Amino acid sequence: MSDNAAVKQLDEDVVEETPVEETEENTGNGSSGKGISRWEYTKREMKQKWAGYVMVGPFLLMFTVFTILPVFVSFLLSFTNFNMLELPEFAMFDNYIRLFLEDDLFLTAFQNTMIFAITTGPLSYILSFLLAWFINELAPKIRSLVTFIFYGPSISGSAYLVWKLIFQGDIYGLANGLLMKMGLITKPIVFFQDTTYIVPLCIIVAIWTSLGTAFLSFIAGLQGVDKSLYEAGAVDGVRNRWQELWYITLPSMKSILMFGAVLAITGAFGFGGVVNNLCGNPSTDYVAWTLQHHMADYLNARYEVGYASCISIVLFFLMFGSNLLIKNALGKVGR
Amino acid sequence: MKKLRTRKHSVVLNRSVGGDTVITVVLCIFGIFMFSPTYYLIITAFKPIGEMFLTPPNFYVIRPTMQNFIDLFASMTSTWVPLSRYIFNTIYISLGATVGCLIIGSMAAYAISKVRFPGYNVVFQLIVYSLMISSTVTGIAHFLVFVALKWLNTYTISIVPMWASTLGLYLMKNFIDSNVPDSMIEAARIEGCSEFRIYLTIVMPLVKPAWLTLMITVFQNVWNVGASSYVYSENLKTFDNAINSIISASGTQGAGSAAAVIMMSVPIIVFIITQSQIVETMGSSGMKD
């Protein structure tokens with residue numbers, strides 16, 4: 001039993017596959033013994049485990065109404081013209097054609113979204129893990145203090161507006177004041193209106209606020225790694241902490257790593273609120289205009305729901321695609 | 001034979017002094033990067049008006065004052081809807097969302113993790129894939145759903161959608177998987193314990209850290225994001241809404257920082273309280289086979 005548990009922990013992927021095998025095995029036993037078909041066995045199991053359905057029921061209802069249904073509705077609406085007042089009118093691929101061929105601002109938005117996603121996503125993910133890993137070995141009291149320092153910015157909602165104070169556009173801002181005192185600039189820079197600074201600053205702020213749930217679950221996950229595995233590793237020739245990380249720690253917390261990746265990706269592509277509050281909407285020359293802004297613009301200002309749905313579907317495929325890529329990449333960890 | 005390093009008299013495997021130093025330095029650098037803006041915000045909240053307009057601004061306060069907070073509370077009393085109503089709304093919505101999310105999420109997590117009814121894997125895969133979609137994608141159709149359910153401008157709209165938090169469920173399921181041994185559940189089943197009782201009396205106490213984590217995330221979300229954007233009447237809006245409108249109305253650095261400090265202090269206090277319990281309960285999941 002303890003062996004099994006260890007193996008399970010070593011390779012979380014197995015968890016997804018074993019149950020299927022188990023049922024097959026059971027079916028095999030059942031059919032050889034009593035001669036019932038697989039379907040009948042499933043039916044029997046369903047009857048026996050009815051409590052499971054009762055327990056998962058409320059969630060499934062909520063989930064269908066607020067997640068599955070909306071995705072389907074958006075998907076269908078993306079093929080229509082719909083202004084919320086009249087009935088949707090079927091328009092084939094008109095929206096998509098318009099989006100990719102005629103809408104220049106969409107291309108800007110797409111490009112910016114990709115820039116933000118490619119920088120903030122991996123950076124925040126790696127940072128979350130590395131910091132969590134570093135923190136893991138501190139004494140419990142210091143660990144909770146440091147955890148709090150790192151987690152604080154993401155927990156405290158609008159605290160990132162402090163960056164507005166730091167990079168304030170007049171001479172009373174911290175950055176301008178310091179730069180002027182050092183003689184690097186002679187007149188204040190309006191950071192959040194200046195096209196050269198908007199994107200890098202937004203990325204810094206995004207990273208500052210990104211050590212969130214993923215970071216916390218990494219910490220919890222690291223605490224949960226079986227300590228005896230480390231001892232076994234040391235006996236078997238793991239020589240330093242990096243080998244230990246690669247061969248023991250990472251494989252043992254694969255499922256949490258995937259979870260963190262998913263959060264990082266959805267966060268990175270959904271990026272936009274920070275920009276609104278720091279640089280105004282729209283930002284100067286649309287330099288920080290993301291897909292989310294583009295969608296919100298068509299939804300709330302122009303009531304072109306069909307077109308907005310179309311953008312959301314593009315966003316959906318972007319997120320989904322990168323998630324699948326990451327899932328494959330994580331499958332190679334520790335091999 | 002490898003030399004064994006010790007920390008506080010216990011042997012530490014595979015750790016070099018060099019590595020420890022590098023890690024400490026990196027942690028310090030990031031600690032400063034993460035903490036200094038927060039620190040600057042707090043400092044600014046306590047600055048008197050005279051120190052606000054220095055070039056460059058000081059990174060400390062010479063004469064700390066509560067004036068900014070007093071100004072803030074003065075402008076709070078002049079809001080259209082009494083402030084207590086906003087606070088009540090926030091508490092009501094957070095409680096509703098957290099409790100619902102906990103019950104629905106943990107029950108489903110237990111069922112998926114341990115009851116393993118036929119089809120549980122399909123449900124779980126759906127949930128995993130849905131995590132990959134942000135609320136931006138579902139936002140458009142949410143509005144249509146709300147219209148269909150006639151939920152616009154009610155409390156329900158801010159509470160019920162939170163119950164479908166796949167994030168909480170996913171976390172919970174993972175923790176049950178790794179912290180509750182199957183043999184324990186089987187033993188209880190053989191003794192004739194019903195699934196509901198196993199869930200309530202065995203599994204829930206064992207996964208305390210998971211539901212604390214879930215609680216923090218949900219509460220944090222409600223506190224920071226507040227009521228749904230499809231709530232129009234001021235009576236149903238939350239504290240963050242009031243604070244934000246005060247910040248934008250006052251326009252001064254001081255009152256704005258004071259408001260931001262108040263906004264961030266609550267989730268941080270909640271986190272500090274719950275964090276100690278998470279750390280404490282993590283180690284004691286009990287019964288190892």
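Treat the numbers as computed from the prediction; the structure is a model and nothing was measured.

Colleague: So what's going on with the interface of chain A and chain B? Which residues, and what values?
Modeller: Taken residue by residue, the interface counts 106 residues in chain A and 95 residues in chain B. Regarding the contact of chain A and chain B, the summed buried area is about 8800 Å², with carbon and sulfur atoms giving 76% of it. Linking chain A with chain B are one salt bridge. Between aspartate 20 of chain B and arginine 241 of chain A there is a salt bridge, with its nearest N and O atoms 2.6 Å apart. Broken down by element, the side of chain A that touches chain B gets its largest block of residues, 22 residues, from helix α4 (residues 50–77) of chain A. The residue makeup of the side of chain A that touches chain B, split by class, is 68 nonpolar, 25 polar and 13 charged.

Colleague: I'd like a rundown of the nonpolar core, residues and numbers included.
Modeller: With 150 residues, the main nonpolar core has Phe150, Phe215 and Phe218 of chain A together with Tyr110, Val203 and Phe239 of chain B as its most contacted residues. In terms of residues, this core owes the most to one element, helix α4 (residues 83–115) of chain B, which gives 14 residues. What phenylalanine 215 of chain A contacts, discounting residues up to four positions off in sequence, is Ser128, Leu131, Ala132, Ile135, Thr147, Phe150 and Tyr151 of chain A. With 31 residues, the next largest nonpolar core counts Val71, Ala308, Cys310 and Met319 of chain A among its residues.

Colleague: How would you summarise the packing of helix α17 (residues 305–330) of chain A against helix α6 (residues 135–149) of chain B if you had to cite specific residues and measurements?
Modeller: Relative orientation and spacing of two packed helices are given, respectively, by the angle between their axes and the distance between those axes. One can describe the packing of α17 of chain A onto α6 of chain B by two numbers: an axis separation of 8 Å at closest approach and a directional angle of 150 degrees. In terms of their interaxial angle, α17 of chain A and α6 of chain B are classed as roughly antiparallel. The crossing of α17 of chain A and α6 of chain B is left-handed. Here Val305, Ala308, Ser309, Ser312, Leu315, Phe316 and Met319 of chain A of α17 of chain A come into contact with α6 of chain B, specifically with Thr136, Val137 and Ile140 of chain B. Split by residue class, the contact of α17 of chain A with α6 of chain B holds seven nonpolar, three polar and no charged.

Colleague: Any details on the confidence of the model for chain B? Residues and values, ideally.
Modeller: All names here are of chain B. With 87% of its residues at a pLDDT of 70 or more, chain B shows a mean pLDDT of 77. pLDDT under 50 marks residues 280–289. Its contacts with residues more than four places away, or in other chains, come to 14 contacts. Note on the complex model: pTM 0.77, ipTM 0.76.

So, how was this worked out
- Residues numbered from 1 in each chain as written.
- Chains lettered and ligands numbered in written order.
- Predicted model: local features only at pLDDT ≥ 70, side-chain atom pairs only at ≥ 80, totals over all residues.
- Heavy atoms only, no water.
- Contact = heavy atoms within 4.5 Å.
- Buried area = accessible area lost by both parts, 1.4 Å probe.
- Salt bridge = Lys/Arg side-chain N within 4 Å of Asp/Glu carboxyl O.
- Helix = DSSP H or I, 4+ residues; strand = E, 2+ residues; numbered from the N terminus.
- Nonpolar A, V, L, I, M, F, W, Y, C, P; charged D, E, K, R; others polar.
- Core = buried A, V, L, I, M, F, W, Y, C linked by side-chain atoms within 4.5 Å.
- Buried < 20%, exposed > 50% of the residue type's maximum accessible area, 1.4 Å probe, protein only.
- Axes fitted to C-alpha atoms, helices over the stretch in contact; angles between N-to-C directions.
- Parallel < 35°, antiparallel > 145°, perpendicular 65-115°, else oblique.
- Left-handed = near helix turned anticlockwise from the far one by under 90°.
- pLDDT = per-residue confidence, 0-100.

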